[in-house]
Amino acid sequence: MIDKRSFESLGGADHGWLKAKHHFSFADYYDPSRMGWGALRVWNDDEIAPNSGFPPHAHQNMEIITYVRQGAITHQDSMGNKGRTEAGDVQVMSAGSGVRHAEYNLEPETTRIFQIWILPREVGGQPSWGAKPFPKGDRSGRFVPLASGFADDKEALPIRANARVLGATLKAGESVTHSVGEGRHAYLVPAAGAIIVDGDAVNARDGAALSGGRTVTITAVQDAEIVLVDSE
């Protein structure tokens, strides 16, 4: 079955410099029916004002994937990594045994991101960070692995979870299918556009939780940009 979570139904917070919507319980937003979906624990839809951002803070035992929808995010961490990730690109941080990092929007425009947290297959380990461009044209009409814990996905950024983060772009009228294995969980969000998932309308920034043991057909009503997490 499909459990649709409309954008309007999401929890959230407005901190002035940060406008956040939470697909799952996070910070001051708590809903016992929305604690995650399989190993997917967090999907935040963040809008970060120009010249602002998240000051240094700590994470551990979490795979944190940042999908930049508009603008750019600048990262710095306690491992000495620094990087700027632009719209359409992805960054991944494996927090492992512990890391401190900061993320800032140093651009003159609002930056919009999806921040996705996935539980790792095992705790601890040396933290790591990486980023990579994923041109939208390369994902036209098909899902492309952006981050993956599977060795076969050689072009994806590596994560330490039995999960994949996939991206696709569809022109209006185009369709793509995705098979969710038995015992697995998929969650998709259109970053832009509108789609139909097995007959159910899903608009930009809505979420759709898909249960395992089925293949779904996703059809674009408008030109669409889709992000999907397939996890345990």
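Everything numeric in this text was worked out from a predicted model, so none of it was measured.

A.B. asks: So what exactly am I meant to see when it comes to the packing of aromatic side chains here?
C.D. replies: Two descriptors summarise a pair of aromatic rings, namely the distance from one centre to the other and the angle between the planes of the rings. Counting across every chain of the model gives six aromatic pairs. Pairing W17 with F54 gives two aromatic rings, centres 5.2 Å apart and planes at 80 degrees, and the pair type is edge-to-face. In this pair, W17 sits in the loop between β2 (11-14) and β3 (18-22) while F54 sits in strand β5 (residues 52-59), placing the two residues 37 residues apart along the sequence. Judged by relative accessible area, which is 18%, F54 ranks as buried. A ring pair is formed by Y67 and F114, whose centres lie 6.3 Å apart and whose planes are at 25 degrees; its orientation type is stacked. Of the two residues, Y67 is situated in strand β6 (residues 63-70) and F114 in strand β11 (residues 111-118); the sequence distance between them amounts to 47 residues. Positioned over the ring face of F7 is K21, at 5.5 Å from the centre of the ring.

A.B. asks: For this particular structure, what's the right way to read the environment of E86?
C.D. replies: By the secondary structure assignment, E86 is in strand β8 (residues 82-86). Setting aside chain neighbours within four positions, we find E86 in contact with V68, G71 and A72. Within the structure, the side chain of E86 is placed 2.4 Å from the side chain of R84, a separation counted as a polar contact.

A.B. asks: So what exactly am I meant to see when it comes to the sheet that holds strand β18 (residues 194-197) here?
C.D. replies: As a general point, the strands of a sheet are linked pairwise by backbone hydrogen bonds and lie either parallel or antiparallel. What the four strands build is an open sheet, ordered β16-β21-β18-β19; its pairing is antiparallel. Looking at which strands have only one partner, the edges of the open sheet turn out to be β16 (175-180) and β19 (200-203). Recorded for the sheet is a direction-independent mean angle of 25 degrees between the axes of neighbouring strands. The sheet contact formed by β16 and strand β21 (residues 214-220) spans six bridges and is antiparallel. Among the inter-strand pairings, V180 is bridged to a residue of β21, identified as R214.

A.B. asks: Sorry if this is basic, but what is going on with the sheet that holds β5 here?
C.D. replies: Pairing within the open sheet is antiparallel, and its four strands lie in the order β5-β10-β7-β8. Edge positions in the sheet fall to β5 and β8, since each of these pairs with one other strand and no more. Between one strand and the next, the sheet's axes are offset by a mean angle of 20 degrees, whatever the strand orientation.

A.B. asks: Explain the pattern of salt bridges to me, please; I cannot follow it from the model alone.
C.D. replies: Here the idea is simple: oppositely charged side chains can pair when their charged atoms come close. Applying the stated criterion across every chain yields a total of 13 salt bridges. A salt bridge links E47 to R205, with the shortest nitrogen-to-oxygen separation between them at 3.1 Å. A residue pair is termed long-range when its members are at least 10 positions apart, and E47 in strand β4 (residues 40-48) and R205 in the loop between β19 and β20 (207-211) qualify at 158 residues. Of the two residues examined, E47 and R205, each falls in the buried class. Ionic pairing is found between E107 and R84, a salt bridge with its closest N-O pair at 3.0 Å. Note that E107 is positioned in the loop between β10 (99-105) and β11 and R84 in strand β8, a separation of 23 residues in sequence. Overall, the relative accessible area of 13% leaves E107 in the buried class. A relative accessible area of 44% means that R84 is categorised as partly exposed.

Scoring rules and cut-offs
- Within any chain, residue numbers begin from 1 and follow the written order of that chain's sequence.
- Per-residue local features of the predicted model are confined to residues with pLDDT of at least 70, and side-chain atom pairs are confined, for both listing and counting, to 80 or more; whole-chain, interface and lining totals are unaffected and use all residues.
- Only hydrogens and water are removed before side-chain values are computed, so all heavy atoms of the structure are retained for them.
- Between 30 and 60 degrees the pair is tilted, below 30 it is stacked and above 60 it is edge-to-face, where a pair is any two Phe, Tyr or Trp rings, Trp via its six-membered ring, whose centres lie within 6.5 Å.
- In this text, helices come from DSSP runs of H or I with a minimum length of four residues, and strands from runs of E with a minimum of two, each type numbered from the N-terminal end.
- Type-normalised accessible area, obtained with a 1.4 Å probe on protein chains alone, sets the label of each residue: buried when under 20%, exposed when over 50%, and partly exposed for intermediate values.
- In this analysis the charged atom, NZ for Lys or CZ for Arg, is taken to sit over a ring once it is within 6 Å of the ring centre and within 35 degrees of the ring normal.
- We call two residues in contact when some of their heavy atoms are within 4.5 Å.
- Whenever two N or O atoms come within 3.5 Å, that pair is a polar contact, provided that in protein one can donate a hydrogen and the other can accept it, and provided that, for residues adjacent in sequence, both atoms are side-chain atoms.
- Two strands qualify as a pair provided DSSP detects at least 2 bridges between them.
- Between N-to-C directions, angles span 0 to 180 degrees; the directions come from axes that are lines fitted to C-alpha atoms, helices contributing only their stretch in contact.
- The term salt bridge refers to a pairing of a side-chain nitrogen on Lys or Arg with a carboxyl oxygen on Asp or Glu at a separation within 4 Å.

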